[in-house]
Amino acid sequence: MSMKDKMEAEVVEAELVLPSYLSFKRVQMYEKYPKGQARGRHWKHLKQIIQAENYQNYPPDEPNYVNIESPPSIHPCKRICDITGFEAPYYDPRTNLRYANADVFKVIRSLPNEYVQRYLALRNAAIVLK
Amino acid sequence: MPFISKIQRQSDYTLFGSATPIVIDNGASYFRIGWASETEPRVVFRNIVQRPRHKTTGETVTIVGDHDPALMKYFDCTRSGPRSAFDSNVVYQFEIMEYILDFAFDRMGATGSEIDHPVLITECVCNPVQSRSKMGELLFETYGVPSIAFGVDAAFSYKYNQQQGVCDKDGLAMCPGFTTTHVIPFVDGEPIYKGCCRTNIGGFHVTDYLKQLLSLKYPYHMSRFTWEKVEDLKMEHCYIALDYASEARLFQKGAKEAEDKTRCWQLPWVPPPTEEPPSEEEIARKAAIREKQGQRLREMAEAKRSSRINELENELHGLEFLLKQLEQVEDSDIPSFLAETGYVSRQEIESARTKVMQSLRKAKGEPKNDQSETEKASPNANEKYSLINIPDDMLTPDQLVEKKKQLSLKSMSDGRQRLKQKRYEEEMERERKQQLEEERRLENPELYLEQLRARYKDLSERVDQRKRLKTNGGHSNGNNLSGGIGRGERLNAAQRERMRLLTTAAFDRGKGEDTFGAKDEDWHLYKLMSKDNDDDDEGPDEDDVELARISSRLQDLDPTFVPKSEMGSSQPAEAPRVRPFTKEDFQIVFGVERFRCPEILFNPNWIAVDQVGLDEMVGVSIRRLSCKDQGLEERLTSSVLVTGGSSLFPGIVERLEAGIRMIRPCGSPIKIVRALDPVMDAWRGAAAFASAPQFHTQTFSRMDYFEKGEDWLRNYELRYSL
């Protein structure tokens with residue numbers, strides 16, 4: 001364990017670093033993923049996993065990861081002020097922010113654009129440049 | 001009450017026989033592992049992996065779970081943040097999963113060549129078979145596990161609480177977790193996945209929302225809001241309001257109750273050292289130094305001046321001596337005499353003499369005698385302009401020329417005279433005005449000052465406004481200087497006009513051919529353009545002058561008056577920075593945030609998750625079950641168990657009851673209970689399940705897996721009631 005010798009005593013003491021060799025493993029990490037070898041992405045995103053499941057080939061009433069998702073709400077969305085969280089009867093067409101009263105309106109009009117976009121991003125309404 | 005990790009290495013691994021199952025609750029936020037026969041997991045840690053670089057050795061190392069942050073200073077974590085094996089609640093990165101399992105088995109004290117214990121591991125509801133089989137492969141191939149069972153954490157929690165008598169065999173398990181929230185109906189003690197529903201929202205989103213809101217509210221303290229800190233804040237302060245709207249209204253009105261509910265986090269703050277005013281001695285010493293320096297400068301200037309006077313006088317003496325000598329020299333000898341001196345003629349010497357005399361006078365600081373000359377000229381003005389009043393025909397041509405000269409001279413001096421007169425009158429007017437103002441001031445000093453201030457404010461606003469208009473063509477959002485770039489930004493008036501001229505020039509004649517410059521008048525365009533620019537800087541106008549006057553007057557009269565500087569007036573954002581920080585600036589106040597953040601569990605569309613919230617999920621779940629059995633539906637709603645980390649929020653039970661009452665028929669029995677320990681019950685339930693004698697009937701081995709294939713694994717389902 002030459003690597004351990006070089007590390008600080010308290011790091012070794014806390015056994016912070018996962019050892020590279022573990023006796024209870026049949027295949028060690030370094031055997032699976034040899035060092036210095038370029039390897040592509042060896043995992044799939046959740047979307048790809050779901051696609052590969054081919055749920056369309058199975059009866060629709062059989063529960064699966066996709067069809068157990070909840071549907072959208074039937075109730076109208078409660079609108080709250082983006083800044084304060086109060087009920088928001090108003091909406092500013094310039095910034096697209098919802099606001100509760102005149103005081104908040106003053107605040108949103110003085111907000112830099114970056115902050116406006118970050119507030120909008122909270123509810124995924126920000127302008128995304130691609 | 002933050003969750004606490006347990007990562008001590010266990011020493012009694014060998015004491016457990018190979019028949020004792022290892023139980024793993026593989027949650028998206030926490031990983032828990034322990035022995036089936038026990039009631040507490042042995043090792044608990046955050047389900048994350050970091051791969052930072054060790055600073056001194058440069059080695060990339062693997063660190064699993066959360067550790068003492070003080071130890072992380074030896075590692076360079078800038079290039080790799082904490083990573084999770086989960087996407088939503090599905091394990092998808094098995095390399096990370098392997099690191100986590102390595103660490104977990106290592107801390108369980110595992111020795112020997114493989115993990116020779118059956119493993120019960122939790123997974124999400126309807127886990128995609130790809131994830132399930134990868135997990136199976138990992139456990140079989142890498143760790144040599146003899147057999148595996150997969151179960152759902154929420155179901156284990158429900159079963160555990162059912163055993164403890166908290167809920168019935170028919171009921172609903174509601175599990176708001178870390179990344180997802182599930183509702184699973186139980187009939188006869190078995191989960192019915194057909195009636196299950198999942199909303200992709202959980203504690204992660206609540207923490208993230210709180211983190212974003214706080215860093216938007218306190219941009220100055222952004223770096224304080226680390227994930228761990230915000231998570232702690234969430235668990236300590238957040239609660240669920242019984243009715244969001246009325247709770248928010250309380251805060252909006254600033255009611256006493258709201259004040260009591262507001263929490264405050266005081267960041268460490270050290271008052272800045274107060275600057276002591278310099279002592280008398282210091283001031284005197286500084287003044288003395290300044291005085292000394294001034295004296296030295298004055299002396300230097302004096303010495304320079306006297307040396308120059310000396311020089312000039314010497315030169316003058318030399319020239320006068322030369323002239324005297326010249327008088328004694330005979331006319332015929334003059335050229336040869338002058339050749340030696342370097343001058344050409346007597347006139348040259350004389351002009352040099354007058355020049356030197358003039359400089360000498362200037363150096364000595366005597367007034368020029370131009371003034372006296374003009375004064376001298378005025379008495380004999382009539383004599384000077386003698387020819388003006390004589391008709392032309394009575395004059396000779398020479399006299400005519402002289403008359404013209406005199407005329408122009410006279411008009412010039414008259415003009416000068418008039419200007420002087422005007423200046424004098426203006427001066428008088430100003431003095432008169434000042435006197436008037438002074439009288440008014442003496443009459444009522446307070447009122448006068450007030451009026452002056454009002455006028456100053458008015459004027460400065462007007463000047464500002466015009467300046468803005470000039471630089472920012474009619475754009476009056478008011479935030480043009482505080483980063484409004486890109487929103488409604490316009491060119492200034494001159495630039496716009498130039499643009500217009502250029503475009504019309506380009507389009508007017510544009511019939512496929514650029515003929516600009518063919519005609520001379522084309523070039524007038526540029527004259528027009530430069531004229532526009534001249535308009536802009538025509539110097540300070542009346543308002544500016546008046547503003548300067550009032551400002552200086554106010555400075556004289558009002559000791560508290562501070563004139564708005566050029567920058568100050570146009571950049572109000574600058575002002576707070578000047579103010580020294582106070583204790584209040586280092587307070588993080590939680591008001592509405594306390595219940596706004598967990599509210600997203602009930603209104604996921606606030607963070608753009610277009611799915612039903614917690615309370616409506618019950619309705620969806622019952623609908624999906626479509627049991628058509630009034631009795632069963634009533635039994636379900638009268639045994640609703642909330643479990644999972646996010647069910648720890650105070651007030652969630654009351655809120656759920658109110659919410660479910662809204663969607664259920666009037667008079668339906670509703671009973672909501674929180675799990676005994678919403679965080680740990682899933683593991684406990686799993687441990688209890690694994691220690692049952694029939695547990696082995698629910699597991700499958702490597703052989704089973706390879707014989708029965710993936711399709712069987714897809715349909716694999718645990719029976720929870722043994």
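Residues numbered from 1 in each chain as written. Chains lettered and ligands numbered in written order. Predicted model: local features only at pLDDT ≥ 70, side-chain atom pairs only at ≥ 80, totals over all residues. Heavy atoms only, no water.

Under an unreviewed UniProt entry, chain B has the name Actin-related protein 5 and belongs to Flemingia macrophylla. In UniProt, chain B has this text filed under Subcellular location (unreviewed entry): "Nucleus". What the UniProt record of chain B gives under Sequence similarities (unreviewed entry) is the line "Belongs to the actin family. ARP5 subfamily." (UniProt positions renumbered as here; feature names shortened; annotations may be inferred.)

Per an unreviewed UniProt entry, chain A goes by the name Vps72/YL1 C-terminal domain-containing protein and belongs to Flemingia macrophylla. Turning to chain A, the UniProt record has this under Subcellular location (unreviewed entry): "Nucleus".

Caption draft 1: Molecular detail of the overall build of chain B. Secondary structure summary: chain B contains 25 helices and 20 strands in total. For chain B, restricting intrachain contacts to residue pairs at least 6 apart in sequence, the fraction spanning at least 24 positions comes to 67%. With the model as given, the accessible surface of chain B reaches about 40400 Å², and the carbon-plus-sulfur share is 52%. (Helix = DSSP H or I, 4+ residues; strand = E, 2+ residues; numbered from the N terminus. Contact = heavy atoms within 4.5 Å. Areas by Shrake-Rupley, 256 points an atom, 1.4 Å probe, with all protein chains shown as cover.)

Caption draft 2: Just the interface of chain B and chain A, in detail. The partner chain A presents 72 residues to the 92 residues of chain B that form the contact. Taken together, the two surfaces of chain B and chain A that pack against each other cover about 7100 Å², and 53% of this comes from carbon and sulfur. The tally of links between chain B and chain A comes to eight salt bridges. Where Arg249 of chain B meets Glu87 of chain A, a salt bridge forms, and the shortest distance between an N and an O atom there is 3.3 Å. A per-element tally of the side of chain B that touches chain A places helix 1 (residues 94–107) of chain B first, with eight residues. (Buried area = accessible area lost by both parts, 1.4 Å probe. Salt bridge = Lys/Arg side-chain N within 4 Å of Asp/Glu carboxyl O.)

Caption draft 3: Expanded view of the pattern of salt bridges. The full count for this structure, using the stated rule, is 44 salt bridges over all chains. Look at the salt bridges and you will find they share partners, linking Lys25 and Lys32 of chain A together with Glu98 and Asp102 of chain B into a network.

Caption draft 4: Broad picture of the packing of helix 3 (residues 153–163) of chain B against helix 24 (residues 681–690) of chain B. Residue and element names in this part refer to chain B. The contact between helix 3 and helix 24 brings their axes to 7 Å, and the two run at 75°. Our classification of the angle between helix 3 and helix 24 gives roughly perpendicular. Counting all contacts with helix 3, which are made through Asp153, Phe156, Ser157, Tyr160, Asn161 and Gln163, the residues of helix 24 involved are Asp681, Ala682, Arg684, Gly685, Ala686, Ala688 and Phe689. Considering only residue class, the contact of helix 3 with helix 24 consists of six nonpolar, four polar and three charged. (Axes fitted to C-alpha atoms, helices over the stretch in contact; angles between N-to-C directions. Parallel < 35°, antiparallel > 145°, perpendicular 65-115°, else oblique. Nonpolar A, V, L, I, M, F, W, Y, C, P; charged D, E, K, R; others polar.)

Caption draft 5: Fine view of the UniProt feature "domain: Vps72/YL1 C-terminal" (unreviewed entry) in chain A. Feature annotation in UniProt places "domain: Vps72/YL1 C-terminal" (unreviewed entry) on residues 79–108 of chain A, given in this structure's numbering. When the span residues 79–108 of chain A is considered, its composition is 23% helix and 13% strand, and the gap between its end C-alpha atoms is 16 Å.

Caption draft 6: The arrangement of the nonpolar core in detail. Judged by nonpolar contacts, the single largest core of 78 residues is most densely connected at Met97 and Phe105 of chain B. The element contributing the most residues to this core is helix 1 of chain B, with nine residues. Inspection of this core shows a minimum of three residues originating in each of domain 1 (13–48 + 84–154 + 677–715) and domain 2 (167–200 + 611–674) of chain B. For Phe105 of chain B, the residues in contact, after removing those within four places along its chain, are Phe24 of chain A together with Ile22, Ile24, Ile33, Ala110, Ile115 and Tyr143 of chain B. Residues Tyr99 and Val116 of chain A together with Leu233 and Cys597 of chain B belong to the second largest nonpolar core, which totals 72 residues. (Core = buried A, V, L, I, M, F, W, Y, C linked by side-chain atoms within 4.5 Å. Buried < 20%, exposed > 50% of the residue type's maximum accessible area, 1.4 Å probe, protein only. Domains from an automatic or database assignment.)

Caption draft 7: Quick peek at the confidence of the model for chain A. Across chain A, pLDDT averages 87, with 96% of residues at or above 70. Within chain A, helix 1 (residues 2–6) of chain A has the poorest average pLDDT of any element, 58, and strand 2 (residues 98–99) of chain A the best, 94. (pLDDT = per-residue confidence, 0-100.)

Caption draft 8: A look at the pairing of strand 12 (residues 171–176) of chain B. Residue and element names in this part refer to chain B. Counting buried positions over the six residues of strand 12 gives six, a clear majority of the element. In strand 12, alternate side chains face the same way, and those of Gly171, Ala173 and Cys175 on one face and Leu172, Met174 and Pro176 on the other are all buried. When strand 12 meets strand 13 (residues 181–187), the two strands line up antiparallel, connected through six bridges. Directly across from Pro176, in strand 13, lies its bridge partner Thr181. The loop that links strand 12 with its antiparallel partner strand 13 comprises four residues. Bridge count for strand 12 against strand 18 (residues 640–642) is three bridges, and the pairing is parallel. Bridge assignment links Leu172 to a residue of strand 18, and that residue is Val640. (Pairing = 2+ DSSP bridges.)

Caption draft 9: Representation of unusual backbone geometry. One non-glycine residue with positive phi stands out, namely Asn124 of chain A, at about 60°. Mapped onto the secondary structure, Asn124 of chain A falls in the segment after helix 6 (113–122). A positive phi angle, close to 55°, is found at Cys126 of chain B, a residue other than glycine. Position of Cys126 of chain B among the secondary structure elements: in the loop between strand 10 (119–123) and helix 2 (129–142).

Caption draft 10: Highlighting the packing of helix 4 (residues 203–217) of chain B against helix 5 (residues 227–237) of chain B. Residues and elements named next belong to chain B. Relative to each other, helix 4 and helix 5 sit at 105°, their axes nearing to 9 Å. Judged by the inter-axis angle, helix 4 sits roughly perpendicular to helix 5. On helix 5, the residues that touch Gly203, Phe204, Val206, Thr207, Asp208, Leu210, Lys211 and Leu214 of helix 4 are Trp227, Val230, Glu231, Leu233 and Lys234. Tallied by class, residues from the contact of helix 4 with helix 5 come to seven nonpolar, two polar and four charged.

Caption draft 11: Looking closely at the environment of Gly645 of chain B. All names here are of chain B. By the secondary structure assignment, Gly645 is in the loop between strand 18 and helix 23 (652–663). Separated by 468 residues in sequence, Gly645 and Gly177 place their C-alpha atoms 5.5 Å apart. When near neighbours in sequence (up to four residues on either side) are disregarded, Gly645 contacts Pro176, Pro678 and Val679.

Caption draft 12: Expanded view of the side chain of Asp681 of chain B. Residues and elements named next belong to chain B. Tracing the sequence through the fold places Asp681 in helix 24. Here the side chain of Asp681 touches Asn161 through a polar contact of 3.0 Å, side chain to side chain. Residues contacting Asp681, with those up to four places away along its chain left out, are Phe156, Ser157, Tyr160, Asn161, Ala675 and Leu676. (Polar contact = N/O pair within 3.5 Å; in protein donor to acceptor, adjacent residues only side chain to side chain.)

Caption draft 13: How the structure looks around the sheet that holds strand 11 (residues 147–152) of chain B. Here six strands make up an open sheet; going across it, the order is 3-2-1-10-11-20 (chain B) and the pairing mixed. Pairing within the sheet leaves two strands with one partner each, and these edge strands are strand 3 (43–46) and strand 20 (700–701) of chain B.

Caption draft 14: A look at the side chain of His221 of chain B. Residues and elements named next belong to chain B. Tracing the backbone shows His221 in the loop between helix 4 and helix 5. Exposure remark for His221: the relative accessible area of 4% places this residue in the buried category. Every residue in contact with His221, bar those within four places of it in the chain, is listed here: Leu267, Asp585, Phe586 and Ile588.

Caption draft 15: Main features of the environment of Pro146 of chain B. All names here are of chain B. With respect to the element layout, Pro146 can be found in the loop between helix 2 and strand 11. By relative accessible area, Pro146 is classed as partly exposed at 32%. Separated by 31 residues in the primary sequence, Pro146 and Ile115 have C-alpha atoms spaced 8.0 Å apart. Non-local contacts of Pro146, meaning those with residues more than four positions away in its chain, are made with Ile115, Asp116, His117, Pro118, Phe140, Phe700, Ser701 and Arg702.

Caption draft 16: Quick look at the pairing of strand 1 (residues 22–26) of chain B. Residues and elements named next belong to chain B. Of all five residues in strand 1, five are buried; the element is thus mostly enclosed. Residues Ile22, Ile24 and Asn26 of strand 1 are buried on one face, and the alternating residues Val23 and Asp25, pointing to the opposite face, are buried as well. The pairing of strand 1 with strand 2 (residues 30–35) spans five bridges and is classified as antiparallel. Across the sheet, Asp25 pairs through a bridge with Arg32, a residue of strand 2. What sits between the antiparallel neighbours strand 1 and strand 2 is a turn of three residues. In this sheet, strand 10 lies alongside strand 1 in parallel orientation, the contact comprising three bridges. Bridged to Val23 within strand 10 is Leu120.

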